[in-house]
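# A closer look at the structure
Each chain, written out:
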Amino acid sequence: MLDIKLLREDLAGVRQKLQHRGESLIGLEKFQALDQEHRALLGKVEKMRHERKTASLAIANKRREQEDSSIDEKNVRLLGEEIKEYEEQLREQATRLNDLLLALPNIPAPDVPIGESAADNVVVEEVDSEKRPGYPVLPHWEVAQNLGILDFQRASAVAGARFVFYCGPGALLERALKNFMLDLHTKEHGYTEIFVPFLVNEASMYGTGQLPKFGEDVFKLADQGLYLIPTAETPLTNYHRGEILAASELPKKYVSYSSCFRSEAGAAGRDTRGLIRLHQFQKVELLKLVTKEQAEEEYQKLLKDAERVLRLLKLPYRRLLMCTGDLGFQAQKKYDLEVWMPAKQAYCEISSCSHFGDFQARRANIRYRSEAQSKPKYLHTINGSGLALGRTVAAILENYQEPDGSVRVPDCLRAYMGGLDVMKSH
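Residues numbered from 1 in each chain as written. Predicted model: local features only at pLDDT ≥ 70, side-chain atom pairs only at ≥ 80, totals over all residues. Heavy atoms only, no water.

Turning our eyes to something else, we now look at the sheet that holds strand 5 (residues 199–201). Sheet strands line up and pair through hydrogen bonds in the backbone, either parallel or antiparallel. Ordered in space as 5-7-6, the 3 strands form an open sheet in which the pairing is antiparallel. The sheet terminates laterally at strand 5 and strand 6 (220–221), the two strands that pair on one side only. Note: strand 6 against strand 7 (residues 226–228), 2 bridges, orientation antiparallel. Along strand 7, the bridge assignment pairs Lys 220 with Tyr 227. (Pairing = 2+ DSSP bridges. Helix = DSSP H or I, 4+ residues; strand = E, 2+ residues; numbered from the N terminus.)

Put into structure tokens, the structure is as follows:
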């Protein structure tokens, strides 16, 4: 959520910074008109409250002097009823203002490149490991079917399209990746592991910005007021919702493994086969709560933490700085990590690392205090995938695929897979 003071003091500047995001800015104009109306009515009500207070004091004086105050009392009563009506209007206006604020996207950071679409994203670095096959390979879903480690057909019968069963070595591979990533991030990168609820309430969804913008993309439990999490970012960020932390506690670094659930509204026809775009997938999520002063340094560290997973797996990848038109609603800056998929001869997103500024903290009311008596400030939130497990499995099945259709297990995973070094059909 944007700072309402900023909108009041520099609406033109905010409009200029948001114009390249590809989002509708009609809410800005509505905000300005409604805010002016709201503040004018608030001033009128405050004046009427002062009049009522003055009149009430006058009535009290008349009573002490045993003078007739019946007409004054009637006027105060009528004034009170009028104030009550205006106060209801104020509450309605405040709700509408809040709804407009919730619908406005974050302001891009100054170093975010201006662009309209993914074509304008900037490739910052390409890391080409020695494990890039020099021969044609099967798509990951085909080699997985041959190995008997993924079953999309039975999953479709059980749950519908865009679901999968992991079987035997396939299930072991995903479990190995989960444990490898969690161990790396906790033991070497200093994150605290938290296992989160997979269901959250509406306030939590608003807190991280999934609502109201992305209501069509999430699964809601009918009549329960609960949502299946689209990412562990949602419960992790809301872990401290409404709290005031001490500056000495920051940065806080959390890592969480969870299933993620997305309806993929609007994704018809995109990546319909394989592990790339499922309704349910698993992910290891990194989250940091930091001060404004810590933010950029901690953001770069988180990005390196996510990249290190790819480096240890020896998977070819690239890092992109996202342009304004492909930034996403909540982020002020975002890097994507894309892994090379040799069957398609293209890169595929495997991690998004975002810096939100105080955008989410304002929505979730998460603050920190530098000193005991100082005024609380909104902290900054940073998050990223470290990594998406299904897409990592897909990348391994293609990049580690041998000419005979077997798949070698990356060196760093073999201890997590009981020493298994090759997955092959029997």
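Here the narrative resumes, following the displayed structure.
Under the criterion given, the structure shown has 0 disulfides. Here Cys 260 stays free of any disulfide, with the sulfur of Cys 353 as its closest cysteine sulfur at 14 Å. Among the residues examined, Cys 260 registers a relative accessible area of 0% and is labelled buried. In this structure Cys 323 is not part of a disulfide, and its nearest cysteine sulfur, from Cys 353, lies 17 Å away. (Disulfide = S-S within 2.5 Å. Buried < 20%, exposed > 50% of the residue type's maximum accessible area, 1.4 Å probe, protein only.)

By the burial criterion, the buried members of helix 5 (residues 140–147) are His 140, Val 143, Ala 144 and Leu 147. In a view along the axis of helix 5, the buried residues occupy a sector of 100 degrees, so they form one face of it. Turning to helix 5, the residues buried within the fold contact strand 2 (150–151), strand 12 (333–341), helix 12 (389–399), strand 17 (407–408) and strand 18 (422–423). A positive backbone phi angle near 70 degrees is found at Gly 148, which sits one or two residues after helix 5. (Arc of directions from axis to C-beta. Contact = heavy atoms within 4.5 Å.)

Here we take up helix 4 (residues 70–102). Helix length check: helix 4, at 33 residues, gives a terminal C-alpha distance of 48 Å against a target of 48 Å (1.5 Å per residue), a fit within 8%. Taken together, the buried positions of helix 4 are occupied by Val 76, Leu 79, Gly 80, Ile 83, Tyr 86, Leu 90, Gln 93, Leu 97, Leu 100, Leu 101 and Leu 102. Where the residues of helix 4 are buried, they touch helix 1 (4–9), helix 3 (26–64), helix 8 (202–208) and helix 11 (359–364). (Expected span 1.5 Å × (residues − 1).)

On to the environment of Asn 121, then. The residue Asn 121 is located in the loop between helix 4 and strand 1 (122–127) in this model. Given the relative accessible area of 12%, Asn 121 is considered buried. Taking the C-alpha atoms as reference, Asn 121 lies 6.4 Å from Leu 320; in sequence the two are 199 residues apart. Other than its neighbours up to four places away in sequence, Asn 121 contacts Leu 320, Leu 321, Met 322, Cys 323 and Asp 326. Only 2.9 Å separates the side chain of Asn 121 from the side chain of Asp 326, close enough to count as a polar contact. (Polar contact = N/O pair within 3.5 Å; in protein donor to acceptor, adjacent residues only side chain to side chain.)

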